[in-house]
Amino acid sequence: MRTLTEWLAFIERQHPKSIALGLERVAGVWRRMNVALGCPVISVAGTNGKGSVCALLESMLRAGGYRTGLYSSPHLERYNERVRIAGAEASDEALSAAFAAVEAVRGEVELTYFEYGTLGALWLFAREPIEAAVLEVGLGGRLDAVNIVDADCAVLTSIGIDHVDYLGPDRESIGREKAGIFRAGRPAVIAEPQPPRTVLESPGAHYRLGRDFGYVDQQSQWTYWGPSGKRAGLAHPALRGAVQLRNAAAAEVRRGLAEVTLPARFQVLPGRPQIILDVAHNPQAAAVLADNLAASGYARETIAVCGMLRDKDIAAVLAALAARVTRWHLASLPGTRGASADELARVVEGEAERFATPAAAFAAALKRAEQDDKIVVFGSFLTVGEVLGWLKNNKTSKR
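Our subject in this report is the structure included herewith. (Residues numbered from 1 in each chain as written. Predicted model: local features only at pLDDT ≥ 70, side-chain atom pairs only at ≥ 80, totals over all residues. Heavy atoms only, no water.)

Points about the overall build of the protein chain
The cut-off we apply is this: Helix and strand assignments come from DSSP, with helices taken as H or I runs of at least 4 residues and strands as E runs of at least 2, each series counted from the N terminus. Based on C-alpha atoms, the radius of gyration is set beside the globule rule, defined as 2.2 Å times the residue count to the power 0.38. Each residue's exposure class comes from its accessible area (1.4 Å probe, protein chains only) as a fraction of the maximum for that residue type: buried when under 20%, exposed when over 50%, partly exposed otherwise. Between two residues, a contact is recorded if the distance between any of their heavy atoms is within 4.5 Å. Per-residue accessibility takes into account occlusion by the displayed protein chains alone, with areas from the Shrake-Rupley method and a 1.4 Å probe.
From N to C terminus, the protein chain includes 15 helices and 17 strands. Its C-alpha radius of gyration of 21 Å places the protein chain within 12% of the 21 Å reference for a compact globule of 399 residues. Here the protein chain holds 399 residues, and 56% of them are scored as buried. For the protein chain, restricting intrachain contacts to residue pairs at least 6 apart in sequence, the fraction spanning at least 24 positions comes to 68%. Total accessible area on the protein chain stands at roughly 17,200 Å², and carbon and sulfur atoms take up 49% of it.

Structural notes on the layout of surface pockets
One way to see where empty space is left: roll a probe the size of a water molecule over the atoms. Put simply, the test is: Cavity means a closed set of points on a 1 Å grid over the protein atoms alone, one where a 1.4 Å probe fits but cannot get out, pocket means an open set with protein on both sides within 12 Å along at least 5 of 7 lines, and lining means a residue has an atom within 4 Å of a point. Grid points are joined across faces, edges and corners, and a volume is the space filled by probe spheres set on the points. Under the convention adopted here, Pro, Cys and the residues Ala, Val, Leu, Ile, Met, Phe, Trp and Tyr are nonpolar, Asp, Glu, Lys and Arg are charged, and Gly plus all remaining residues are polar.
Computed from the structure, the second largest pocket encloses a volume of approximately 660 Å³. Every residue lining the second largest pocket is counted, 34 residues in all, and those nearest its centre are Leu 76, Glu 77, Pro 263, Gln 267 and Leu 388. Contributions of two or more residues to the lining of the second largest pocket are made by α3 (50-63), β12 (267-269) and α15 (381-393). In the lining of the second largest pocket, the residues fall into 13 nonpolar, nine polar and twelve charged.

Section: unusual backbone geometry
Residue Pro 74 is reached from Ser 73 by a cis peptide bond, and omega for that bond is -10°. Of note, the bond from Arg 272 into Pro 273 is cis; its omega dihedral lies within 30 degrees of zero at -5°. In this fold, Pro 273 is placed in the loop between β12 and β13 (274-277). The residue Asn 34 is not glycine, and still its phi comes out positive at about 60°. Checked against the element boundaries, Asn 34 lands in the loop between α2 (24-33) and β1 (41-45).

A word on the nonpolar core
So the rule is basically this: Throughout, nonpolar core names a set of buried Ala, Val, Leu, Ile, Met, Phe, Trp, Tyr and Cys residues whose side chains join them through atoms within 4.5 Å.
Grouped together as the largest cluster of nonpolar side chains are 55 residues, with contacts concentrated most on Phe 99, Leu 119, Phe 125 and Phe 182. The element best represented in this core is helix α5 (residues 113-127), accounting for eight residues. Setting aside residues no more than four positions away along its own chain, Phe 125 makes contact with Leu 37, Gly 69, Leu 70, Tyr 71, Val 83, Arg 84, Ile 85, Ile 130, Ala 133 and Leu 135. The next biggest cluster of nonpolar side chains, apart from the first, holds 26 residues, and it includes Ala 286, Leu 289, Val 317 and Leu 318.

Concerning the sheet that holds strand β2 (residues 68-71)
Strands belonging to one sheet form pairs held by backbone hydrogen bonds; the direction of such a pair is parallel or antiparallel. To keep things clear, this is the line we draw: Whether two strands pair comes down to DSSP finding at least two bridges between them.
Taken in spatial order, the eight strands make up an open sheet running β4-β3-β2-β5-β1-β6-β7-β8, and their pairing is mixed. Edge positions in the open sheet fall to β4 (88-89) and β8 (205-208), since each of these has one partner strand only. As paired strands, strand β6 (residues 153-156) and strand β7 (residues 187-190) are joined by three bridges and run parallel to one another. Bridging across to β7, Val 155 finds its partner in Val 189.

A few points about the sheet that holds strand β10 (residues 221-226)
Here is the rule we go by: To define axes, lines are fitted to C-alpha atoms, for helices over the stretch in contact only, and angles between the resulting N-to-C directions are given on a 0 to 180 degree scale.
In space, the three strands of this open sheet follow the order β9-β10-β11, with antiparallel pairing throughout. Every other strand in the sheet has two partners, leaving β9 (214-218) and β11 (229-234) as the edge strands with one partner each. Within the sheet, the average angular offset between the axes of one strand and its neighbour, ignoring direction, is 15°. Sheet analysis places β9 next to β10, joined by five bridges and oriented antiparallel. Note that in β10 the partner of Gln 218 across the bridge is Gln 221.

Shape descriptors only; they carry no functional weight alone.
In structure tokens:
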């Protein structure tokens, strides 16, 4: 029996491309596995907000007494984060068994890393007595591996320009791909405030933000309204950031809002200097991060620790945050997709230092920062994940 580390290394080598959209291969293997989910399924797609909505849904369902399965991606530190059953991460042994079940029937079919992971998670959910499954779409929707399952309810969180090589160059094209998770006659919750025509013309019983449901922010509380009526006096979600009210309105239940947790979505760590972790990696998410920074109080200096992938709109992301940053610590990311610190430096204005890794960039920022400064870490799951690992291994810092 391979260890989880060995399985992850193995599945990473089984397809020549890291991304290969299409359902024929993965659906064929799923049929051979001869298992099925015996519970309602909620699939969540969107450019930004998918992870937050999935965490909110998991928390709310569990608060209501349901045993849940949650599949999300990517992970920050451990692969186990991607698969949660009843609120707990799947064990190394369970994930290894799931990958073995996939491999036993795969034959000559080439599967990507994400396809292996999706099939493994579904296999685990099919074998567990779960009462609701929440599935986060990886990329797009229509051709994403998650879409081999017909969702009983689909959620579309937002539509922005991202992954244009795979989804198309504009919101109409991207909307068509993301709405591919909708099913005729089944509810589709649309939290995007301005959905393109391709979304509005997609199948499903549409519930639109501002028309069929919505929210009113009352500073210390908020009110949700929707098909089932109005719920007033709600505490703000434990997830920080103004956009989380929109995400919460797409999946509202009182207790779950107070208990939900999700790392690296405007996550403010305790202590001084203030450290903010956010996986923002596209212009839309960067604009939300900038707004949240503006609302988070004064700082003498705001140091940005940033590492990004080369296939992102680097210039637009950094421009969205330029007005909120006084100093840049730019980090290189590994692999063929990773952008170098030099590449980032070419598109930023102002004072910038370059580092070989996010950990080195963060360590230097922490050494420089005073008590009333902010350090904001963003740009990629890889960047934030490495900094989280550094923090766990360096608990005796000056904080």
